[in-house]
Amino acid sequence: MAPPPLLPVAASTPILHGEFGSYPANGPRFALTLTTQALHIQRLRPKPEARPRDGLVSLDEVSGCGTLQSRSPEDTAAYFCIYTYPRGRRGGRRRATRTFRADGATTYEENRAEAQRWATALTCLLRGVPLSGDQEITPELLPRKPRLLILVNPFGGRGLAWQRCMDHVVPMISEAGLSFNLIQTERQNHARELVQGLSLSEWEGIVTVSGDGLLYEVLNGLLDRPDWEDAVRMPIGVLPCGSGNALAGAVNHHGGFEQVVGVDLLLNCPLLLCRGGSHPLDLLSVTLASGSRCFSFLSVAWGFLSDVDIHSERFRALGSARFTLGAVLGLASLHTYRGRLSYLPATTEPALPIPGHSLPRAKSELVLAPAPAPAATHSPLHRSVSDLPLPLPQPALVSPGSPEPLPDLSLNGGGPELTGDWGGAGDAPLSPDPLLPSSPNALKTAQLSPIAEGPPEMPASSGFLPPTHSAPEASTWGPVDHLLPPLGSPLPQDWVTIEGEFVLMLGILPSHLCADLMAAPHARFDDGVVHLCWVRSGISRAALLRILLAMEHGNHFSLGCPHLGYAAARAFRLEPLTPRGLLTVDGELVEYGPIQAQVHPGLATLLTGPAGQKPQA
């Protein structure tokens, strides 16, 4: 077995060091060393380990920790437990826990203080609070628990989103000690309506458990408020339970994790969420042919990609495989589209392994009169608000040889059970330390009836104001697009225009187009540019397939395909000259016709967790 990897000097500086027993008490004894990057575990007795097995627990795979006490009055030891999600041999994560016995003192109070000191230090490191080796560790260092609003689309992920949320997301963030409320959306635009009436002071973040569509609703709801300048600063996060999961793939990449999909991606993203940390997020203000405006955090697509996205909706039951099948069908009936793409080049372009393009400069002469945006009415709301932690199904845990089942061991009294950590007989059961702050165990649910006459009475603790019924679907607020002339007006001289037959055009902000497609490998959340990619007509099906396959690892620009183009832009205008086609914004179908967009750098805030040292493709 290879020795643990060497850590940098700063990362290997000990924060805490001590000797612990194990649970049950007749197990081995360990020396623990906590650094800013990992917990080092070395067995001392009965036989020291020269090369400890599982002796290095990286904080990247720790969700949280807690302290426990014995129910036996004769046991003066206190217990320190950590919750981990290490990667298995096949790459997937599996939940595991480690429980250590603080028994170096003669009284329970002294042992409890030591266990709490370790739990405090580890929690601070997980939440990004800097610690040093000579610093006194006290509970006052703990950051305040953020209160998160979690929105779940139960129809996401082939209808498995709710169950996956309960199986994976809720246990992990409960272990992290986060405070959160859970709401299940019931229809399209439900999330948009909810956040339009959100009382901002009640929350520190909004997290969606679904695909990219639910986050699209949340962002546009925040920007469609009179107080949009404050609302858009609300940190937002995404936990993937949909088909594409593009932004989650970019967050996973930013966190330094290996590119994964499905449940593996779903486990990686809450791990990052539990660590805290946010990053500025560029948004794209998109003006449609009718003059209405929406905001995008992901992409604008036309041609092959939008065709695959929309036509594969009939295969939604296949999950992410719908895109594979849709791409195969799209390649079989490959279409080209005539159009005009104009863009305002970025002042500095990211270095990409593609040759420079000599593009003619021209002004668009297409003139269209924008029509007024249609107003939309809001349907009645039916909400279910739950104050968490939720009481999860917890089967009894039985220690071998013990007639009494062990109790559920949890983070500060509110998390899921620990499994597979108990091996001896005769030890008294453990329970959460009552001296640590704990979360309520009872589930409080308020059922609100559909609106009939007048707004409903909202619970005082729900954090919601009565919903606004008159807000149109198109955004009427938000920042001014100072780089964009009206649609149909000539473009300034410093814009670049290309015209011809295209197979596809893509304007993308983050690195990923879906969880396993890295369309813009050099993109960052706040680089201030939209990455334009296009494929001209004349490309063979085989060459297009090679581009799509290479996009899985972001290597498509290195193929040297003459039909593939790229530009970094601050704004762009797309004018389809083919009478029929499909346009999508963040995977959502929009009206077909001329469209233009401008980047607003760092307008939103994304919950990303800490950045990884070196993201792996």
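Residues numbered from 1 in each chain as written. Predicted model: local features only at pLDDT ≥ 70, side-chain atom pairs only at ≥ 80, totals over all residues. Heavy atoms only, no water.

Looking at an unreviewed UniProt entry, one finds the protein chain named sphingosine kinase, with Mus musculus as its source organism. The protein chain has a UniProt comment under Subcellular location (unreviewed entry) that states "Endomembrane system". (UniProt positions renumbered as here; feature names shortened; annotations may be inferred.)

Visitor: How do you make sense of the sheet that holds strand β4 (residues 56-58) when you look at a structure like this?
Guide: Each strand in a sheet pairs with another by means of backbone hydrogen bonds, the pair being arranged parallel or else antiparallel. Spatial strand order, β4-β3-β2-β1-β7-β6-β5-β19: eight strands in an open sheet with antiparallel pairing. Bordering the open sheet on either side are β4 and β19 (430-432), each of which pairs with just one other strand. Averaged over all pairs of adjacent strands, the angle between strand axes in this sheet comes to 35 degrees, irrespective of strand direction. Bridge count between strand β5 (residues 62-70) and strand β6 (residues 78-84): seven bridges; the pairing is antiparallel. Within β6, the position partnered with G66 by the bridge is C81. (Pairing = 2+ DSSP bridges. Helix = DSSP H or I, 4+ residues; strand = E, 2+ residues; numbered from the N terminus. Axes fitted to C-alpha atoms, helices over the stretch in contact; angles between N-to-C directions.)

Visitor: Would you mind showing me how to read empty space enclosed by the protein here?
Guide: Empty space among the atoms can be located by rolling a probe the size of a water molecule over them. In the structure shown here, the tally under the stated rule is six cavities of 30 Å³ or more. Size it by volume and the largest cavity reaches roughly 90 Å³. Lining of the largest cavity is provided by L305, L504, L506, A519, C533, V535, I547, L548, M551, H556, F557 and L564. Secondary structure elements with two or more residues in the lining of the largest cavity: β21 (496-508), β22 (530-536) and α11 (541-550). (1 Å grid on protein atoms, 1.4 Å probe; cavity = no way out; pocket = protein on both sides within 12 Å on 5 of 7 lines; lining within 4 Å. Points joined across faces, edges and corners; volume = space filled by probe spheres on them.)

Visitor: Could you clarify how one ought to interpret the packing of helix α3 (residues 161-175) against helix α8 (residues 262-275) in this entry?
Guide: Packed helix pairs are characterised by how far apart their axes lie and by the angle those axes make with each other. Taken N-terminus to C-terminus, the directions of α3 and α8 make an angle of 25 degrees; their axes are 9 Å apart at the nearest point. The orientation of α3 with respect to α8, classified from their angle, is roughly parallel. The chirality of how α3 crosses α8 is right-handed. Only V263, L266, L267, P270, L271, L273 and C274 of α8 make contact with α3, whose side of the interface consists of R164, H168, V169, M172 and I173. Tallied by class, the residues present in the contact of α3 with α8 amount to ten nonpolar, one polar and one charged. (Parallel < 35°, antiparallel > 145°, perpendicular 65-115°, else oblique. Left-handed = near helix turned anticlockwise from the far one by under 90°. Contact = heavy atoms within 4.5 Å. Nonpolar A, V, L, I, M, F, W, Y, C, P; charged D, E, K, R; others polar.)

Visitor: Can you help me understand the pairing of β5 in this one?
Guide: On a regular strand, each side chain points to the face opposite its neighbour's, so the side chains alternate between the two faces of the sheet. Counting buried positions along β5 yields nine of nine residues, so the element is predominantly enclosed. As paired elements, β5 and β19 share three bridges and run antiparallel to each other. Bridge pairing links L68 to P432 in β19. (Buried < 20%, exposed > 50% of the residue type's maximum accessible area, 1.4 Å probe, protein only.)

Visitor: I tried to follow the packing of aromatic side chains on my own but got confused; where do I start?
Guide: Two aromatic rings, taken as a pair, are described by how far apart their centres are and by the angle between their planes. On inspection of all chains with the given rule, the structure shows nine aromatic pairs. Taken together, a centroid distance of 5.2 Å and an interplanar angle of 85 degrees make the contact between F20 and W118 edge-to-face. Of this pair, F20 sits in strand β1 (residues 16-22) while W118 sits in helix α1 (residues 108-126), placing them 98 residues apart in sequence. Taking the relative accessible area as the measure of exposure, W118 reaches 0% and is therefore buried. Centroid distance Y23 to Y79: 5.5 Å. Interplanar angle 90 degrees. Geometry classified as edge-to-face. Taken together, the positions of Y23 in the loop between β1 and β2 (29-34) and Y79 in strand β6 put the pair 56 residues apart, joining distant regions of the chain. Here Y79 falls in the buried class, since its relative accessible area comes to 1%. (Phe/Tyr/Trp six-rings, centres within 6.5 Å; stacked < 30°, edge-to-face > 60°.)

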